[in-house]
Amino acid sequence: MVDDKSRLTPSRTWSRRRFLRATAVLGAAGLLAQSTTAAVAGSQLPRCGLDRHVSPSRPAESDPFFTHLFDTQGPGWTGGDSTYSLALPDGRVLWMFSDTFLGTVNPDGSRPADSPLINNSLVVQDGTRLVTLHGGTPSHPEAFFVPQDGSSWYWVYDGTVEGDRVVIFLLKFHRYGPGMWDWRWVGTDAASLALPDLHLVATRPVPADNGVAYGAAVLEEVDHTYIYGVEDLGAVKYAHLARAPRGDVLGRWQFFAGDGWSWDPRDSARLLPASVANEFSVTKIRGGYLLVTMDTSPDLFLEGWREIVAYFACRPEGPWRDRTTLYVTPEAGSGRLFTYNAHAHPEFTRGGRLLISYNVNSFDFQDLFRNVDNYRPRFVRAYLPGVSRRW
C-alpha cells in the first residue's frame with residue numbers, strides 16, 4: 001500500500017530529464033592534492049573475527065518480500081534510484097531515493113507518459129505500508145530537498161539518526177547550460193529532519209571541501225560516526241573516509257590519511273586501489289567490517305557494471321582485503337539496461353541473510369515508461385554469517 005504526501009517547498013524555475021544516474025559525478029569531483037592510496041593497505045593486518053576469509057554460505061538470491069513491497073501501483077512512488085534506508089527509533093524505516101517517478105502505473109505495467117519525475121523523495125515504511133514524501137503539491141510535485149538558489153538540485157546520499165533528528169547527506173548539482181550534460185557536482189550539503197514527523201529543519205554544507213563527495217556510506221560506532229566519501233575521476237572512483245564524534249556528525253571532522261587521522265581534509269587518502277561505486281555501504285560483521293559496492297572497473301557502456309562485490313576489514317578505515325563476488329546482476333550486459341550503486345541494508349538482516357539492493361536503469365529513456373521495472377531497485381539476499389544489524 002502506498003500513500004502520497006507532499007511537503008510545501010519553494011517553487012523551482014527549471015526541470016530536467018536524465019537517464020544516467022550511475023555516472024552522477026563524472027569529471028566533477030576534482031583531484032585531491034597529492035592523494036595517495038592508504039599506506040595501511042600493505043601493512044600487517046590487525047586481528048579480529050575476520051582472520052579467515054569470509055565466504056557466502058550459499059549463492060545470493062532474490063528477496064521476494066522487498067520485491068513485492070516496492071511493486072507499487074501508486075499513487076506516490078513508482079520508481080527511483082539510490083535506494084538508501086535508515087531505521088528510525090520508533091520502528092519505521094526511512095527509504096531515501098534520488099530521481100523518482102510519481103503517479104500511477106498502467107494495468108500493463110507501463111508508466112503514463114505524463115508521470116512526474118522529481119530529483120529526490122523519501123518513502124516511510126511502516127510494516128507493509130509505504131508513504132511517499134515529496135515537496136510541492138500532489139498535482140504539482142517537487143523534490144523533497146530543494147536548494148534555495150533555484151538553479152541546482154540534490155541527489156541523496158546516506159544518513160544517520162542523532163537523538164530526535166535525522167541527518168541526510170545531499171549531493172548538490174548545478175546546471176550551467178541547456179545541454180543534457182551541462183551540469184556538474186558543486187558540493188555536498190546535509191539536511192536535518194525532526195522526528196517523528198520528518199519535517200525539514202535546516203540544510204548546511206558539510207565540514208569538508210577537498211574534492212570528495214562525503215556521505216556515500218555512514219557507519220555508526222560507539223565513539224565516532226564514520227562518513228565515507230567518493231573521489232570521482234570519471235573512469236575510476238576512490239573511497240575516502242572522515243569521522244566525527246558520535247552524536248555530532250556535522251561537528252569537526254578528522255580525515256583518514258593512510259597512517260593515522262588528520263584535521264586537514266587535504267590529507268585524506270584513498271582507502272583501496274579498486275574502483276568503488278558512487279554509492280556503497282559499510283556494515284559490521286563478525287568483529288570486523290564489510291564493504292559492499294558495485295565493481296565499476298569495467299566500462300559501463302561496453303561491458304556494463306555487473307558484479308556486486310564485498311571487501312573485508314578489521315577497522316573502519318581498513319585495510320580492505322579479500323575481494324569477494326556476492327552477486328552478478330542478470331539485467332546488465334545485454335540490451336539497453338544497466339545496473340549500479342549497490343549497497344546493504346543491515347537493519348533487515350536476519351540470521352546472516354544480508355539484504356542488498358541495486359538500481360536498474362536504461363540507456364533509452366523511453367524504456368522507463370514502457371516497463372516500470374526498468375527503473376526500480378532490485379533486492380537480493382547474501383548469506384554472510386555474522387553480519388550485524390544497524391540500529
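No experiment lies behind these values; they were computed from the predicted model shown.

## Quick word on the sheet that holds strand S14 (residues 199-205)
Strands in a sheet are paired, the pairing made by backbone hydrogen bonds, and the direction either parallel or antiparallel. Read from one edge to the other, the open sheet built from 4 strands follows the order S11-S12-S13-S14, with strand pairing classed as antiparallel. Two strands bound the open sheet, and with one partner strand each, they are strand S11 (152-162) and S14. Taken over all neighbouring pairs, the strand axes of this sheet differ in orientation by 25° on average, direction set aside. Two elements, strand S13 (residues 183-194) and S14, share 6 bridges in a ladder whose sense is antiparallel. Following the sheet pairing, Ala190 is matched in S14 by Arg204.

## Describing the packing of aromatic side chains
Applying the stated criterion across every chain, the model contains 33 aromatic pairs. Centre to centre, the rings of Phe66 and Phe348 are 4.6 Å apart; their planes meet at 65°, and the pair counts as edge-to-face. Placement of Phe66 in helix H1 (residues 64-69) and of Phe348 in the loop between strand S24 (337-344) and strand S25 (353-362) is noted, with a sequence separation of 282 residues between them. Accessibility classification places Phe66 together with Phe348 in one group, the buried group. Between Phe365 and Phe369, the aromatic rings sit 5.4 Å apart at their centres with planes inclined by 70°, giving edge-to-face as the arrangement.

## Details of the environment of Asn371
Position of Asn371 relative to the elements: it lies in the loop between helix H2 (367-370) and strand S26 (378-383). The spacing of Asn371 and Gly109 is 262 residues in sequence and 5.6 Å in space, taken between C-alpha atoms. Contact partners of Asn371, with chain neighbours within four places excluded, come to Gly109 and Ser110.

## Quick look at the nonpolar core
Counting residues in each nonpolar core, the largest one holds 63 residues, and the members touching the most others are Phe145, Phe169, Tyr228, Trp253, Phe280 and Trp320. The leading source of residues in this core is strand S12 (residues 165-175), at 7 residues. Core analysis: the second largest hydrophobic core is formed by 36 residues, Ile308, Tyr327, Phe365 and Tyr375 among them.

## Overview of unusual backbone geometry
In this chain, Leu195 is followed by Pro196 through a cis amide linkage whose omega measures 5°. Summarising the element assignment, Pro196 is placed in the loop between S13 and S14. The omega torsion of the bond from Gly318 to Pro319 falls at 10°, within 30 degrees of zero and hence cis. Tracing the sequence through the fold places Pro319 in the loop between strand S22 (307-313) and strand S23 (321-328). Backbone geometry at Ser82 places phi at a positive 80°, although glycine is not the residue there. As for its position among the elements, Ser82 is in the loop between strand S3 (77-80) and strand S4 (84-87). Given a relative accessible area of 0%, Ser82 falls into the buried group. With a phi close to 55°, Asn341 is a non-glycine residue in the positive phi region. Topologically, Asn341 is positioned in strand S24. For Asn341, a relative accessible area of 1% gives the class buried.

## A word on the pairing of S26
Within S26, 6 of the 6 residues are buried, which leaves it mostly tucked inside the rest of the structure. Residues Arg378, Val380 and Ala382 of S26 are buried on one face, and the alternating residues Phe379, Arg381 and Tyr383, pointing to the opposite face, are buried as well. Two strands pair when backbone bridges link them, and strand S2 (residues 61-62) and S26 are joined in this way by 2 bridges, in the antiparallel orientation. Following the sheet pairing, Glu61 is matched in S26 by Arg381.

## Observations concerning the environment of Ser275
Considering the arrangement of structural elements, one finds Ser275 in the loop between strand S19 (261-262) and strand S20 (281-285). With relative accessibility at 9%, the residue Ser275 sits in the buried group. The spacing of Ser275 and Met294 is 19 residues in sequence and 8.9 Å in space, taken between C-alpha atoms. With near-sequence residues (within four places) excluded, Ser275 lies in contact with Ala235, Val236, Lys237, Met294, Asp295, Thr296 and Ser297. In terms of polar contacts, Ser275 uses its side chain to reach the side chain of Thr296, at 2.6 Å.

How each quantity is defined
Here the residue numbers are simple positions, counted from 1 along each chain's written sequence. The predicted origin of the model limits local features to residues at a pLDDT of at least 70 and limits the giving and counting of side-chain atom pairs to 80 or more, whereas totals for whole chains, interfaces and linings rest on all residues. The side-chain figures draw on all heavy atoms in the structure; neither hydrogens nor water molecules are used. We treat two strands as partners when DSSP finds at least two bridges between them. Under the DSSP-based scheme used, a helix requires at least four consecutive residues in state H or I and a strand at least two consecutive residues in state E, with every element numbered from the N terminus. Helix axes are fitted only over the stretch in contact, all axes being lines through C-alpha atoms; the angle between N-to-C directions runs from 0 to 180 degrees. Working definition: a ring pair exists when centres of Phe, Tyr or Trp rings (six-membered ring for Trp) sit within 6.5 Å. Plane angles under 30 degrees give stacked, over 60 give edge-to-face, the rest tilted. The buried label goes to any residue with under 20% of its type's maximum accessible area, the exposed label to any with over 50%, and the partly exposed label to all in between, with areas taken from a 1.4 Å probe on protein chains only. Every residue pair with non-hydrogen atoms within 4.5 Å of one another is taken to be in contact. Only buried residues count toward a nonpolar core, which is a set of Ala, Val, Leu, Ile, Met, Phe, Trp, Tyr and Cys residues joined through side-chain atoms within 4.5 Å. Each polar contact in these results corresponds to two N or O atoms within 3.5 Å; when the atoms are within protein, one needs to be able to donate a hydrogen and the other to accept it, and residues that are neighboring in sequence are counted only if both atoms are side-chain atoms.

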